[in-house]
Amino acid sequence: MTRPRRLALGVVVVAALAAVPRVARTDAELNFLFLVLLSTTLAQSWNIVAGYAGQVNLGHAAFFGLGALTTRTLWIGGTPVLLAMGAGALVATAFALLIGVVAFRLRGAYFAIGTLALGEILRITVGNVLAEISTLPAATIASYRLADRYYLALALAVATLAVVGALGRSRAGLGMQAIREDEEAAEASGVNALGLKLLALALSTALAGLAGGLFAYYHISYYPSHPFGPHWTFDALLITFVGGVGTLHGPVLGAIFYVLLKEYLAVRWVDFHLLIFGALFIGIVLLLPGGLVEAAARLRALAGRRAP
Amino acid sequence: MTAFVQQMVLGLLIGGLYGLAAAGLSLVFGVLKVLNVAHGQLIMLGGYGAFWLGALAGFDPFAALTLVIPGALAFGAVLYWTLFAWVVRASEETRVKNSLLIGFGLALALDALAVRLWTADERSITTSYAGAVVSVGGIAIPLVRLASLVLAGALIGGVHLLLARTRWGRAIRATAEDWEAALLTGIDVRRAYLLAFAIGTALAGAAGTLVSVGYSVSPSIGLEWTLKALVVVVLAGLGSMPGTFVGGLVLGLAEAAAAWGFGGPYREMVGLVLFFVVLVARPQGLFAR
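Residues numbered from 1 in each chain as written. Chains lettered and ligands numbered in written order. Predicted model: local features only at pLDDT ≥ 70, side-chain atom pairs only at ≥ 80, totals over all residues. Heavy atoms only, no water.

Let's talk about the interface of chain B and chain A
No. 1: Across the contact, 35 residues belong to chain B and 36 residues belong to chain A.
No. 2: Interface area for chain B against chain A, summed over the two sides, is near 3400 Å², with a carbon-plus-sulfur share of 85%.
No. 3: Three residues stand out in chain B for area buried against chain A, namely B:Leu101, B:Phe104 and B:Phe276, and they jointly supply 18% of the buried area on that side.
No. 4: Counting the contacts that link chain B with chain A gives zero salt bridges.
No. 5: The interface formed by chain B and chain A holds zero residue pairs in polar contact (both at pLDDT 80 or more) in total.
No. 6: Those elements giving two or more residues to the side of chain B that touches chain A turn out to be α3 (61-87), α4 (92-118), α9 (222-236) and α11 (267-281) of chain B. (Contact = heavy atoms within 4.5 Å. Buried area = accessible area lost by both parts, 1.4 Å probe. Salt bridge = Lys/Arg side-chain N within 4 Å of Asp/Glu carboxyl O. Polar contact = N/O pair within 3.5 Å; in protein donor to acceptor, adjacent residues only side chain to side chain. Helix = DSSP H or I, 4+ residues; strand = E, 2+ residues; numbered from the N terminus.)

Here it is in structure tokens:
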């Protein structure tokens with residue numbers, strides 16, 4: 001698809017999504033789409049560091065959690081939600097930069113397991129310090145409107161896709177991809193590897209912080225350590241890889257597929273989607289490193305050859 | 001004071017299991033240059049193996065080891081052939097990254113599978129001698145855990161001798177050192193990989209059995225044990241089985257000290273913090289020799 005056609009398609013899809021709250025008969029459809037949009041944002045934010053800059057961050061949940069914690073605290077305290085979310089993103093990014101300077105001394109697998117440990121440290125600390133469940137005040141619950149959350153999720157997902165789309169074509173984005181392919185070679189050709197990796201991490205964690213804030217705004221009652229749980233990282237990783245790592249539309253496809261499978265299977269079998277996704281994920285890493293996006297491209301090429 | 005010593009003794013006892021858990025991971029990582037983050041899930045499976053052998057066939061957990069270890073060896077061989085044999089074909093850098101991803105997918109699938117098959121309940125094996133305790137100067141030492149520590153040490157010692165003294169062990173060590181050179185001297189590198197992976201899985205199975213008898217297993221313990229094993233591997237470095245055992249004991253003691261000093265919830269923290277600090281202080285990893 002050419003770029004104008006792709007943009008036009010995007011506009012149509014967003015317009016259709018924006019109309020959903022007016023036509024949806026039950027909350028179930030809105031909740032479902034909300035989860036798709038939240039997952040898209042979270043996966044896409046992870047994709048910036050892992051897919052574009054090639055650094056597998058297994059502690060992504062820490063930034064989602066920090067965003068959620070900050071937003072929730074400020075918002076319940078009376079701050080307007082958008083402002084609170086901004087603060088959440090800021091806290092997540094500030095922490096990421098602080099950690100990034102140290103963690104980026106680690107390469108490859110060491111970066112991955114180092115960030116995994118970091119995420120767990122934060123989760124355990126928050127679980128220890130804030131052991132009480134966090135529930136919205138009764139007045140907030142009384143005036144709770146799902147559509148508000150939905151529109152915010154839509155806006156955030158669109159903004160995330162716009163940021164990653166712009167990044168992919170920018171000089172910085174190309175530099176990140178060069179680092180992903182070969183860090184030494186990239187540095188030798190004048191790419192500031194540490195700077196770009198930090199930029200990727202800052203963008204990624206700011207978006208993850210915003211996604212966390214959205215979660216805090218959406219969810220009525222949860223344990224403060226819940227958004228720090230490693231499954232948020234794992235969700236983002238699975239969605240990105242199954243969809244197509246390092247692409248713009250991969251995480252979108254992945255999120256739709258993931259939430260669809262999760263919601264559909266959860267009715268009958270709890271956690272069964274993880275079995276299927278875990279197996280699918282292994283297959284993709286071994287046989288189809290480009291994910292659904294690559295599969296679609298291959299099918300198209302095949303169809304093109306058959307019918308000239 | 002007695003309370004402190006008691007804590008440290010319990011820490012030492014579980015530390016033996018940390019060492020055993022790490023030994024398998026360390027062997028696989030050192031030889032195949034493959035980081036299997038599903039190692040904790042293999043421990044979990046070993047624990048369930050022993051549990052069901054006891055519940056369905058009336059096996060004593062320590063006797064169950066004689067079945068769990070060969071079973072885990074075979075399971076490790078199958079896992080190697082189906083998944084990791086593909087990974088080791090890549091260059092070393094891609095190898096680590098891909099193995100991380102494969103291990104991760106495997107961990108998710110095994111977790112979900114365990115919940116499906118055995119529910120999310122915590123289980124532990126209760127034997128007739130479960131409550132037996134030896135008392136030394138007011139310090140209580142649970143016999144089962146003491147036996148586990150001794151067995152863990154014996155198993156690690158056994159693998160150490162296997163690696164140090166036998167022909168196959170030498171082949172494995174040569175492959176770990178430099179697989180290309182090993183290949184040139186006529187060593188069957190593929191077989192060394194297979195053996196190392198199978199032995200690593202067997203060690204995980206044994207660790208799981210001991211966890212299920214002195215402590216408890218549930219489908220969600222995998223990640224926790226993977227992290228413990230990783231911490232020990234980072235502390236102890238690669239290439240020495242006795243060193244890994246000592247590393248496990250150190251982690252057990254450090255955890256006990258943290259729990260005593262800051263309270264139980266901080267037990268988990270100390271290992272992770274140690275891990276991160278060591279990792280960052282030596283970014284090439286203590287792995288690098």
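That shown, we press on.
Points about unusual backbone geometry
Residue and element names in this part refer to chain B.
No. 1: We note that Lys 33 has phi near 55°; this positive angle belongs to a residue other than glycine.
No. 2: With respect to the helices and strands, Lys 33 occurs in the loop between α1 (2-32) and α2 (39-57).
No. 3: One non-glycine residue, Thr 119, lies in the positive phi region at around 60°.
No. 4: With respect to the helices, strands and loops of the structure, Thr 119 is situated in the loop between α4 and β1 (133-136).
No. 5: On the basis of relative accessibility, which here comes to 37%, the residue Thr 119 falls in the partly exposed class. (Buried < 20%, exposed > 50% of the residue type's maximum accessible area, 1.4 Å probe, protein only.)

Notes on the pairing of strand β2 (residues 139-142) of chain B
All names here are of chain B.
No. 1: Note that β1 and β2 share four bridges and pair antiparallel. In the sheet register, Val 134 faces β2, and the bridge partner there is Ile 141.
No. 2: As consecutive antiparallel partners, β1 and β2 are separated by two residues, and within that stretch Gly 137 has a phi angle of approximately 55°, a positive value. (Pairing = 2+ DSSP bridges.)

Some thoughts on the pattern of salt bridges
No. 1: Throughout the structure, instances matching the rule amount to eight salt bridges over all chains.
No. 2: Measuring nitrogen to oxygen at the nearest pair gives 2.9 Å for the salt bridge that ties A:Glu120 to A:Arg123. In this pair, A:Glu120 and A:Arg123 both sit in helix α5 (residues 108-129), three residues apart, roughly one turn of the helix.
No. 3: Judged by its relative accessible area of 6%, A:Glu120 is buried.
No. 4: Residue A:Asp148 is joined to A:Arg145 by a salt bridge in which the shortest nitrogen-to-oxygen separation is 2.9 Å.
No. 5: Taking relative accessible area as the criterion, A:Asp148 reaches 28% and is therefore assigned partly exposed.
No. 6: Via salt bridges that share partners, B:Lys228, B:Glu255, B:Arg267 and B:Glu268 belong to a single interconnected network.

Here we look at the nonpolar core
Residue and element names in this part refer to chain B.
No. 1: Leu 32, Tyr 80 and Phe 84 are the most contacted members of the largest nonpolar core, which totals 185 residues.
No. 2: Discounting residues that sit within four places of it in the chain, Leu 32 has contacts with Leu 27, Tyr 80, Val 88, Arg 95, Tyr 193, Ala 196 and Phe 197.
No. 3: Of all hydrophobic cores here, the second largest spans five residues; its members include Ala 50, Phe 51, Ala 64 and Ile 125. (Core = buried A, V, L, I, M, F, W, Y, C linked by side-chain atoms within 4.5 Å.)

What about the packing of aromatic side chains?
Think of a pair of aromatic rings as described by two things: how far the centres are apart, and how the planes are tilted against each other in angle.
No. 1: On inspection of all chains with the given rule, the structure shows 22 aromatic pairs over all chains.
No. 2: The interplanar angle of 50° and the centroid separation of 5.1 Å between the aromatic rings of A:Phe215 and A:Tyr222 together place this pair among those described as tilted. Accessibility assignment for this pair places A:Phe215 and A:Tyr222 in one class, buried.
No. 3: Ring geometry for B:Phe51 against B:Trp52: centres 5.0 Å apart, planes inclined by 80°, an arrangement best described as edge-to-face.
No. 4: Given the relative accessible area of 13%, B:Phe51 is considered buried.
No. 5: Exposure remark for B:Trp52: the relative accessible area of 25% places this residue in the partly exposed category.
No. 6: An aromatic cluster is present here, built from A:Trp46, A:Phe234, A:Phe241, A:Phe281 and B:Phe104 joined pairwise through their rings.
No. 7: Sitting over the face of the ring of B:Trp86, B:Arg89 holds its NZ or CZ atom 5.9 Å from the ring centroid. (Phe/Tyr/Trp six-rings, centres within 6.5 Å; stacked < 30°, edge-to-face > 60°. Lys NZ or Arg CZ within 6 Å of the ring centre and 35° of its normal.)

Details of the side chain of B:Arg95
No. 1: If you trace the backbone, B:Arg95 turns up in helix α4.
No. 2: Polar contacts involving the side chain of B:Arg95 include one to the main-chain carbonyl oxygen of B:Val88, which spans 3.2 Å.

Details of a positive patch on the surface
All names here are of chain B.
No. 1: Taken together, the side chains of Arg 167, Arg 170, Arg 173 and Arg 191 present a region of like positive charge at the surface.
No. 2: Ranked by the residues each element gives to the positive patch, the list is headed by helix α6 (residues 167-177), at three residues.
No. 3: Within the fold, Arg 167 resides in helix α6.
No. 4: Residue Arg 167 is classed as exposed on the basis of its relative accessible area of 68%. (Patch = residues over 30% accessible without salt bridge, like charges linked within 9 Å, V, L, I, M, F, W, Y side chains within 5 Å. Areas by Shrake-Rupley, 256 points an atom, 1.4 Å probe, with all protein chains shown as cover. Lys, Arg positive; Asp, Glu negative; His and termini not counted. Charge placed at Lys NZ, Arg CZ, Asp CG, Glu CD.)

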